[in-house]
Amino acid sequence: WRGQEGAPYSTLVPSDEVTINYRHGLPVITLTLPTRGERCRFTVKPVVTTVGAFLQDVQREDKGIERAEVFATDGTKVSDATLMEILLMNDFKLVINNKAYSVSPPVKDKLSSEHATEMEDIKSLVHRLFVALHLEDHQIRKERELLQKLDHLKGELLPLEQMKARITESADAKTSRLLWVGLALMSTQGGALAWLTWWVYSWDIMEPVTYFITYGSAMAFYAYFVLTKQDYIYPQAKDRQFLHYFHRKSKKQRFNVERYNKLKDDLAETEESLRRLRQPLHLRLPIQEINDKD
């Protein structure tokens, strides 16, 4: 029989040289150390111990072992990261130096449903204890990462905020001037109609004129609705004109509105994550309980 690298093994040792028995629910692997010639027992925790860890334990017991590997029955090498629980499900070959041991793990009795439930409860408890013991360290590391990200985002936003403030001030000033110009035009129109009605012509002549002026204004408001799909409401019209001036000024000064909005969203998300992270740190409560209270 040859290994995965094609190197022949000098001997294929019978399976009784390596035995596996279960004691207190844990597998005990007994084998003969090649250099010392002693039988040695290795108790493994199948859910935690990997093949690599088991082989390291064997080599630590016998310093004369230069090579220790595990192969499947078809000659495929078993990865060191494989859990012993997976390995013990099928027959395998344990290679120590130039000897290949054929190993046949015994069939483990299936746990009763009640025992299996107890084991699952124990695993869940161990997991919760692990999380509880390491949660604070994880939160501190996460808080440090969020603070670094927050400082980075604020550094990128600072020049954009300054540029945005200048553009906003300019757009707001232009919008205000436009509103005052509109008020001045409406006052001039009212004064001109009054002057033509009482001093130049009579109301009989000016009535059709005012009618067509009113009708023309209604047409202008309707055209505004057709173009913008919005009613002509003064606050909305003012905001629309402000945005028009703002984007035109931003284009001239090369202010990237999309990048600014993206940075603002990232900043808000980071601040919210930091707030949620700090809440359980101050109250010493799990995050799930904090969310339930909210």
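Values in this document were obtained by computation on a predicted structure and should not be read as measured data.

**Description of a nonpolar patch on the surface**
Reasoning step 1: Taken together, the side chains of Trp-195, Trp-198, Trp-199, Val-200, Tyr-201 and Ile-205 present a nonpolar region at the surface, about 780 Å² in accessible area.
Reasoning step 2: Here the element with the most residues in the nonpolar patch is helix α3 (residues 113-200); it accounts for 4 residues.
Reasoning step 3: Mapped onto the fold, Trp-198 is located in helix α3.
Reasoning step 4: Take Trp-198: its relative accessible area is 66%, and that puts it in the exposed class.

**Overview of the side chain of Ser-250**
Reasoning step 1: Considering the arrangement of structural elements, one finds Ser-250 in helix α5 (residues 234-253).
Reasoning step 2: Within polar-contact distance, the side chain of Ser-250 engages the backbone oxygen of Phe-246 at 2.8 Å.
Reasoning step 3: Residues contacting Ser-250, with those up to four places away along its chain left out, are Ile-167, Phe-255 and Val-257.

**Overview of the confidence of the model for the chain**
Reasoning step 1: Looking at the chain, the pLDDT average stands at 77 and 79% of residues meet or exceed 70.
Reasoning step 2: Within the chain, the lowest mean pLDDT, 46, falls on helix α7 (residues 287-293), and the highest, 88, falls on strand β5 (residues 68-72).
Reasoning step 3: Segment residues 1-8: pLDDT under 50, and 18 contacts once partners within four positions in sequence are set aside and those in other chains are kept.
Reasoning step 4: Within the model, pLDDT remains below 50 along residues 281-294, and this stretch shows 15 contacts once partners closer than five positions in the same chain are excluded.

**Some thoughts on α5**
Reasoning step 1: The first and last C-alpha atoms of α5 sit 29 Å apart over 20 residues, in line with the 28 Å expected at 1.5 Å per residue.
Reasoning step 2: Among the residues of α5, Ala-237, Phe-242, Tyr-245, Phe-246 and Ser-250 are the ones counted as buried.
Reasoning step 3: Once α5 finishes, Arg-254 follows within two positions and takes phi at roughly 60°, a positive value.

**Details of the UniProt feature "transmembrane region" (unreviewed entry) in the chain**
Reasoning step 1: Listed under "transmembrane region" (unreviewed entry) in the UniProt record, and renumbered for this structure, are residues 178-197 and 209-227.
Reasoning step 2: Taken end to end, residues 178-197 is 100% helix and 0% strand, and its first and last C-alpha atoms sit 28 Å apart.

**So, the pattern of salt bridges**
Reasoning step 1: Evaluated as defined, the whole model comprises 7 salt bridges.
Reasoning step 2: Among the salt bridges present, the one from Glu-69 reaches Arg-67, with a minimum N-O distance of 2.8 Å.
Reasoning step 3: Note on Arg-67: relative accessible area 22%, which makes it partly exposed.
Reasoning step 4: Close ionic contact of Glu-161 with Lys-264 constitutes a salt bridge, the shortest N to O distance being 3.3 Å. Taken together, the positions of Glu-161 in helix α3 and Lys-264 in helix α6 (residues 257-283) put the pair 103 residues apart, joining distant regions of the chain.

Calculation rules
- Residues numbered from 1 in each chain as written.
- Predicted model: local features only at pLDDT ≥ 70, side-chain atom pairs only at ≥ 80, totals over all residues.
- Heavy atoms only, no water.
- Patch = residues over 30% accessible without salt bridge, like charges linked within 9 Å, V, L, I, M, F, W, Y side chains within 5 Å.
- Areas by Shrake-Rupley, 256 points an atom, 1.4 Å probe, with all protein chains shown as cover.
- Salt bridge = Lys/Arg side-chain N within 4 Å of Asp/Glu carboxyl O.
- Helix = DSSP H or I, 4+ residues; strand = E, 2+ residues; numbered from the N terminus.
- Buried < 20%, exposed > 50% of the residue type's maximum accessible area, 1.4 Å probe, protein only.
- Polar contact = N/O pair within 3.5 Å; in protein donor to acceptor, adjacent residues only side chain to side chain.
- Contact = heavy atoms within 4.5 Å.
- pLDDT = per-residue confidence, 0-100.
- Expected span 1.5 Å × (residues − 1).
- UniProt positions renumbered as here; feature names shortened; annotations may be inferred.

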